[in-house]
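Notes for the structure review
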Amino acid sequence: ENLPENAAKMREYFMGKLLDLKDKFPEKIEGIRGRGLIVGLVLAIDGKPIASKCIDNGLLTICTMDHVLRFLPPLIINEKHVDEAVEIVEKALSDL
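Notes on the structure follow.

1. Section: the overall build of the protein chain
Along the protein chain, the regular secondary structure elements total three helices and four strands. Sequence-ordered secondary structure for the protein chain, helices as α and strands as β, is α-β-β-α-β-β-α. Computed over the C-alpha atoms, the radius of gyration of the protein chain is 12 Å, within 12% of the 12 Å expected from 2.2 N^0.38 for a compact globule of 96 residues. With the C-alpha coordinates of the protein chain rotated into their principal frame, the extents come out at 40 × 25 × 25 Å.

Here it is in structure tokens:
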């Protein structure tokens, strides 16, 4: 496996999916930032309830600075994993 190439490809895919979420929830998401596969979803709302809902639904994430959801996926992540993660975040955002 070419991990650096996969990480670069999955970063672009992940960021694109999160940008789609930002468009869907402009009142709840302020932006997306990160380097490599370390990605932060900057929220306009308290992130702790969102992180808790994500964890309850099988996505390990952490809320930092009270409003940033941090994602640290493994280098072997694939599109299916990204889709599942974004679906869980979307459900958490919809539930609030």
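Anyway, onward from the coordinates.
2. Here we look at the packing of aromatic side chains
Taken as a whole and assessed by the stated rule, the structure comprises one aromatic pair. Ring geometry for Phe 14 against Phe 71: centres 5.6 Å apart, planes inclined by 70°, an arrangement best described as edge-to-face. In this pair, Phe 14 is assigned in helix α1 (residues 3-24) and Phe 71 in strand β4 (residues 68-71), connecting sequence segments 57 residues apart. Exposure remark for Phe 14: the relative accessible area of 4% places this residue in the buried category. Under the relative-accessibility criterion, Phe 71 is labelled buried at 4%.

3. Looking at the pairing of strand β2 (residues 38-43)
With five of six residues buried, β2 is to be regarded as a mostly interior element. Across six bridges, strand β1 (residues 29-35) lies against β2 in antiparallel orientation. Residue pairing in the sheet places Gly 31 in a bridge with Val 42 of β2. Where β1 hands over to β2, the hairpin turn is made up of two residues, of which Gly 36 adopts a positive phi near 60°. Two strands pair when backbone bridges link them, and β2 and β4 are joined in this way by four bridges, in the antiparallel orientation. Note on β4: the bridge partner recorded for Leu 41 is Leu 69.

4. Considering helix α3 (residues 79-95)
One turn of the α-helix equals 3.6 residues, which is why residues spaced by three or four share an orientation. For α3, which comprises 17 residues, the first-to-last C-alpha distance of 24 Å matches the rise-based estimate of 24 Å (1.5 Å per residue) to within 8%. Buried within α3 are the following residues: Val 82, Ala 85, Val 86, Ile 88, Val 89, Ala 92 and Leu 93. In an axial view of α3, the angular spread of the buried residues amounts to 155°, which keeps them on one side of the axis. Exposed residues on α3 whose side chains face more than 90 degrees from its buried face are Lys 80 and Glu 87. Tucked into the core, α3 has its buried residues touching α1, β1, β2, α2 (48-56) and β4. Measuring from the side-chain oxygen of the N-cap residue of α3 to the backbone nitrogen of Lys 80 gives 3.0 Å; that N-cap residue is Asn 78.

Cut-offs and rules
- Residues numbered from 1 in each chain as written.
- Predicted model: local features only at pLDDT ≥ 70, side-chain atom pairs only at ≥ 80, totals over all residues.
- Heavy atoms only, no water.
- Helix = DSSP H or I, 4+ residues; strand = E, 2+ residues; numbered from the N terminus.
- Rg over C-alpha atoms; globule rule 2.2 N^0.38 Å.
- Phe/Tyr/Trp six-rings, centres within 6.5 Å; stacked < 30°, edge-to-face > 60°.
- Buried < 20%, exposed > 50% of the residue type's maximum accessible area, 1.4 Å probe, protein only.
- Pairing = 2+ DSSP bridges.
- Expected span 1.5 Å × (residues − 1).
- Arc of directions from axis to C-beta.
- Contact = heavy atoms within 4.5 Å.
- Polar contact = N/O pair within 3.5 Å; in protein donor to acceptor, adjacent residues only side chain to side chain.

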